[in-house]
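# Report on the structure
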Amino acid sequence: MIDKYVASIDAAVADIPDGATIMVGGFGPAGQPYTLLDALIRHRPRGLTLISNNAGNGDFGLAALLKAGCVRKVVCSFPRQSDSWVFDDLYRRGELELELIPQGNLAARIQAAGSGLGGFYTPTGYGTELAQGKETREIDGKHYVFELPLKADFALIKADKADRWGNLLYNKTGRNFGPIMAMAAACTIAEVNRMVPLGELDPENIITPGIFVQRLVTTPDHPAPASA
């Protein structure tokens, strides 16, 4: 019987080792897997490479992970906001590396990894510091930069509903990077609001098929029912 539900949230992240590359879903706070991030902070791996849309807000979620000293390098599109003081402080003190990627390129590189592509050419970034050291090419009179796929050892994502096979539905903008990150990681761990019995999810509405999800956990306020 296939059942990807893990009752212990801490156990779900316990094998994330020092030096791992992790993707974390979310567009700012929307769709960020806070329960999994709290568990990861308790586990305290070191030297992580974090791939995400931004570098944290306030003192919670991604920012708390940075503050705990777990992250060595951040790969993202928007490292600085008005409330990104944790990232700002660590970066200015030289305790964090940063790889800045335009948001469209970030999504496309993750998609390339999930689709098994070797890379792609994009005009975004050509002629800027972001293209330094990268292959460039002129196609039909337009200049392009070659970008490599972006993959991870683990992806931590947030979904609204799941069945025990790992099929996922998302809540509106909470969907953001979750589906493509699930495809680009060797192990995807999904935090969900609600586990539902097999057959309750309409196959036509499933966004992330269970083949891309290895583990499921629920938020503390929404434990999994016995019939899931």
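Structure report, in brief. Everything numeric in this text was worked out from a predicted model, so none of it was measured. (Residues numbered from 1 in each chain as written. Predicted model: local features only at pLDDT ≥ 70, side-chain atom pairs only at ≥ 80, totals over all residues. Heavy atoms only, no water.)

### Things to note about the environment of Gly 26
In plain terms, the rule: Only DSSP runs of H or I covering at least 4 residues are called helices, and only runs of E covering at least 2 are called strands; the numbering of each starts at the N terminus. Burial classes follow relative accessibility: with a 1.4 Å probe on protein chains only, a residue under 20% of its type's maximum area counts as buried, one over 50% as exposed, and anything between as partly exposed. Any two residues having at least one pair of non-hydrogen atoms within 4.5 Å are treated as being in contact.
By the element assignment, Gly 26 lies in the loop between strand E1 (21-24) and helix H2 (34-43). Exposure remark for Gly 26: the relative accessible area of 3% places this residue in the buried category. In sequence terms Gly 26 and Leu 36 are 10 residues apart; their C-alpha atoms lie 13 Å from each other. The residues touching Gly 26, leaving out its near neighbours within four places in the chain, are Gly 31, Gln 32, Asn 53, Asn 176 and Phe 177.

### Comments concerning the packing of aromatic side chains
For clarity, the cut-off: Planes of paired rings set the category: under 30 degrees apart is stacked, over 60 is edge-to-face and the rest tilted, where pairs are Phe, Tyr or Trp rings (Trp by its six-membered ring) whose centres lie within 6.5 Å.
Counted under the stated rule, the structure contains three aromatic pairs. Taken together, a centroid distance of 5.4 Å and an interplanar angle of 15 degrees make the contact between Phe 87 and Tyr 91 stacked. Linking Phe 87 with Tyr 91, this pair stays in helix H4 (residues 85-92), spanning four residues, or about one helical turn. When its relative accessible area of 42% is taken as the criterion, Tyr 91 is described as partly exposed.

### Observations regarding the sheet that holds strand E7 (residues 142-147)
Across a sheet, paired strands are connected by hydrogen bonds in the backbone, their directions being either parallel or antiparallel. Selection criterion: We treat two strands as partners when DSSP finds at least two bridges between them. Orientation is described by axes fitted as lines to C-alpha atoms, over the contacting stretch for helices, and by angles from 0 to 180 degrees between their N-to-C directions.
Across the sheet, three strands lie side by side as E5-E7-E6; this open sheet has antiparallel pairing. Lying at the two open borders of the sheet, with one neighbouring strand each, are strand E5 (120-122) and strand E6 (136-139). Averaged over all neighbouring strand pairs, the angle between strand axes comes to 40 degrees, with direction disregarded. The pairing of E6 with E7 spans four bridges and is antiparallel. When the sheet's bridge partners are listed, Ile 139 is paired in E7 with Lys 142. Packed onto the sheet, helix H5 (residues 103-115) meets E5 and E7 and runs at close to 170 degrees relative to E5.

### Structural notes on a nonpolar patch on the surface
As a reminder of what qualifies: Like-charged residues within 9 Å of one another, or nonpolar side chains (Val, Leu, Ile, Met, Phe, Trp, Tyr) within 5 Å, are grouped into patches, provided each residue has over 30% relative accessible area and no salt bridge. Only the protein chains shown count as covering a residue, and every accessible area follows the Shrake-Rupley method with a 1.4 Å probe. For this document, the term salt bridge refers to a Lys or Arg side-chain nitrogen within 4 Å of an Asp or Glu carboxyl oxygen.
On the surface, Ile 2, Trp 165 and Leu 198 cluster together into a nonpolar patch covering about 270 Å² of accessible area. Relative to the helices and strands, Ile 2 is located in the segment before helix H1 (9-13). Taking relative accessible area as the criterion, Ile 2 reaches 47% and is therefore assigned partly exposed.

### Details of H4
Turning to H4, its buried residues number three or more, namely Val 86, Phe 87, Asp 88 and Leu 90. Buried positions along H4 lie against helix H3 (62-67) and strand E4 (97-100). Following H4 by one or two positions, Gly 94 adopts a phi angle in the positive range, close to 75 degrees.

### A word on unusual backbone geometry
Where the residue is not glycine, phi is negative for most of them; where a peptide bond is considered, it is trans in most cases. Here the phi dihedral of Asp 140 falls at roughly 55 degrees; this positive angle occurs in a residue that is not glycine. Within the element layout of this structure, Asp 140 appears in the loop between E6 and E7. Non-glycine residue Lys 172 carries a positive phi angle of around 50 degrees. Relative to the helices and strands, Lys 172 resides in the loop between strand E9 (168-169) and helix H6 (178-184). Note on Lys 172: relative accessible area 74%, which makes it exposed.

### Notes on the pairing of strand E2 (residues 48-51)
Cut-off, in case you're wondering: Handedness is read with the strands pointing away from the viewer; a crossover is right-handed when the path from the first strand over the helix to the second is clockwise.
Neither face of E2 is left uncovered, since the one carrying Leu 48 and Leu 50 and the one carrying Thr 49 and Ile 51 both have all their residues buried. Of the strand pairs in this sheet, E1 and E2 are connected by three bridges, and their pairing is parallel. For Thr 21, the partnering residue across the bridge sits in E2 and is Thr 49. With H2 bridging E1 and its parallel neighbour E2, the resulting β-α-β unit is right-handed. In this sheet, strand E3 (residues 71-76) lies alongside E2 in parallel orientation, the contact comprising four bridges. In the strand pairing of E3, Thr 49 is matched with Lys 73. Between the parallel elements E2 and E3, the chain passes through H3 in a crossover that is right-handed.

### So, the pattern of salt bridges
One pass over the full model with this rule turns up 13 salt bridges. Residue Glu 97 pairs with Arg 72 through a salt bridge whose shortest N-O separation is 2.9 Å. Highlighted residues: Glu 97 in strand E4 and Arg 72 in strand E3, separated in sequence by 25 residues. Taking relative accessible area as the criterion, Glu 97 reaches 39% and is therefore assigned partly exposed. In the salt-bridge network here, residues are joined through shared partners; they are Lys 73, Glu 99, Arg 109, Lys 134 and Glu 147.

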